[in-house]
Amino acid sequence: MTASLLTFLFAIIILTLTPGFDTALILRTSAANGWKKAVITSMGINTGCMAWGAAVGLGLGALLLASEMAYNILKLVGAAYLLWLGVGLLLKPRSHFHTDVAVSKKQSGYGAVYMRGFLGNMLNPKVGVFYVSFLPQFIPAGGSVALWSIGLAFIHVMVGTLWNAVLIASTHYFAEKLRRPAVMKMMDRLTGCVFLGFAAKLAMSRR
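Note that the coordinates shown come from a computational prediction; the quantities given were computed from them, not determined experimentally.

Reading the values: rules and limits
Residues numbered from 1 in each chain as written. Predicted model: local features only at pLDDT ≥ 70, side-chain atom pairs only at ≥ 80, totals over all residues. Heavy atoms only, no water. pLDDT = per-residue confidence, 0-100. Contact = heavy atoms within 4.5 Å. Phe/Tyr/Trp six-rings, centres within 6.5 Å; stacked < 30°, edge-to-face > 60°. Helix = DSSP H or I, 4+ residues; strand = E, 2+ residues; numbered from the N terminus. Lys NZ or Arg CZ within 6 Å of the ring centre and 35° of its normal. UniProt positions renumbered as here; feature names shortened; annotations may be inferred. Axes fitted to C-alpha atoms, helices over the stretch in contact; angles between N-to-C directions. Left-handed = near helix turned anticlockwise from the far one by under 90°. Nonpolar A, V, L, I, M, F, W, Y, C, P; charged D, E, K, R; others polar. Core = buried A, V, L, I, M, F, W, Y, C linked by side-chain atoms within 4.5 Å. Buried < 20%, exposed > 50% of the residue type's maximum accessible area, 1.4 Å probe, protein only. Expected span 1.5 Å × (residues − 1). Patch = residues over 30% accessible without salt bridge, like charges linked within 9 Å, V, L, I, M, F, W, Y side chains within 5 Å. Areas by Shrake-Rupley, 256 points an atom, 1.4 Å probe, with all protein chains shown as cover. Salt bridge = Lys/Arg side-chain N within 4 Å of Asp/Glu carboxyl O. Parallel < 35°, antiparallel > 145°, perpendicular 65-115°, else oblique.

A short note on the confidence of the model for the protein
Counting all residues, the mean pLDDT for the protein is 79, and 83% of those residues have values of 70 or more. Note that pLDDT drops below 50 for residues 97-105; the model gives that stretch nine contacts with residues more than four away or on any other chain.

In structure tokens, the structure reads:
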């Protein structure tokens, strides 16, 4: 059991440190909206990870491996969501913070940034396929698949939370420079391009 946990911890640390959509989203939110909303975004991502862990434990994640149609539907929905985020950042990059409270809450409120992190994770079937193919390797013989899947997902969340804290703290240090109008526009457009890249990669991916 100890060997399985240590091996899983090592593997998940390496995978967490690998830059991806979550990293780009955290950095952009931290720079544009501040550390508090970046933390909320991280919580949304973590909720998605726990949901996938629970789904794998209950056997629902196996559906993505068994059904080509289920995988493709979720893949296309996820790619469309990333495309929508990317196009929005490219066409309407921000140059300043909104002073209108109603607009601010609608576009970058706590609920909005939380759902952005949650949906970005949940609508990516590769996360589900990764969990359903990766987690079982570290479940001891005779162990509860449901409990171990949720437990391993929780370890992933803890590692991800620590890494996100590092990203947020690093971005917060340069907050004033990153919030300059020209820099904000550049960051939004750059993040938009990154999101479009992830959308294309997801749309063309195979199991």
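Once the structure has been displayed, the description carries forward.
Overview of the packing of aromatic side chains
Under the criterion given, the structure shown has one aromatic pair. Seen in terms of ring centroids, Y114 and F118 are 6.4 Å apart; in terms of plane orientation they differ by 5°. Their pairing is stacked. Of this pair, Y114 and F118 both sit in helix α7 (residues 110-122), four residues apart, roughly one helical turn. The residue whose ring lies beneath K37 is Y110, and the NZ or CZ to ring-centre distance is 5.4 Å.

A closer look at the UniProt feature "transmembrane region" (unreviewed entry) in the protein
Look at the UniProt record and you will see "transmembrane region" (unreviewed entry) annotated at residues 44-66, 73-91 and 145-174. The straight-line gap between the two end C-alpha atoms of residues 73-91 is 27 Å; of that span, 100% is helix and 0% is strand.

Focus: the packing of helix α3 (residues 35-57) against α7
Running from N to C, α3 and α7 point in directions that differ by 35°, and their axes come no closer than 7 Å. As for the relative orientation of α3 and α7, their crossing is right-handed in sense. Each of K36, K37, I40, T41, M43, G44, I45, T47, G48, C49, A51 and W52 in α3 lies in contact with α7, whose residues at this interface are Y110, V113, Y114, G117, F118, N121 and M122. Residue classes in the contact of α3 with α7 are distributed as 11 nonpolar, six polar and two charged.

Re the nonpolar core
Ranked by size, the top nonpolar core spans 31 residues in total, and within it F8, F21, Y131, F134, L135, L152 and F195 carry the most contacts. Secondary structure elements with two or more residues in this core: α1 (2-17), α2 (21-33), α3, α5 (68-91), α8 (125-134), α9 (145-173) and α11 (181-203). When residues of this core are assigned to their parent elements, the largest contribution, six residues, is made by α5. Filtering out sequence-adjacent residues up to four positions away, F8 remains in contact with F134, L135, F138, L152, I155 and H156. Counting residues in hydrophobic clusters, the runner-up holds five residues, among them A38, I45, L167 and I168.

A word on α5
Since the α-helix packs 3.6 residues into each turn, any two residues three or four apart lie on the same face. Relative to the 34 Å expected for 24 residues at 1.5 Å per residue, α5 spans 34 Å between its end C-alpha atoms, a close match to the ideal helical length. Listed in full, the buried residues belonging to α5 are Y71, L74, K75, G78, A79, Y81, L82, L85, G86 and L89.

Observations regarding the side chain of H156
You can see H156 is positioned in helix α9. By relative accessible area, H156 is classed as buried at 17%. Residue contacts for H156: discarding those within four places in its chain leaves F8, I12, T16, C49 and Y131.

Some words on a nonpolar patch on the surface
Taken together, L6, L9, F10, I13, I14 and L17 make up a surface patch of nonpolar side chains, about 550 Å² in accessible area. Relative to the elements of secondary structure, I13 occurs in helix α1.

Quick look at the environment of L147
You can see L147 is positioned in helix α9. Once the C-alpha coordinates of L147 and A54 are considered, the two residues, 93 residues apart in sequence, prove to be 8.5 Å apart.

As for the packing of α5 against α11
Close contact between α5 and α11 brings their axes to 7 Å; oriented N to C, the two are set at 160°. The angle between α5 and α11 places the two elements in the roughly antiparallel class. The handedness of the crossing between α5 and α11 is left-handed. Two secondary-structure elements touch here, α5 through K75, G78, A79, L82, L83, L85, G86, V87, L89 and L90 and α11 through D188, R189, T191, G192, C193, F195, L196, F198, A199, L202 and A203. Looking at the contact of α5 with α11 residue by residue, the classes come out as 14 nonpolar, four polar and three charged.

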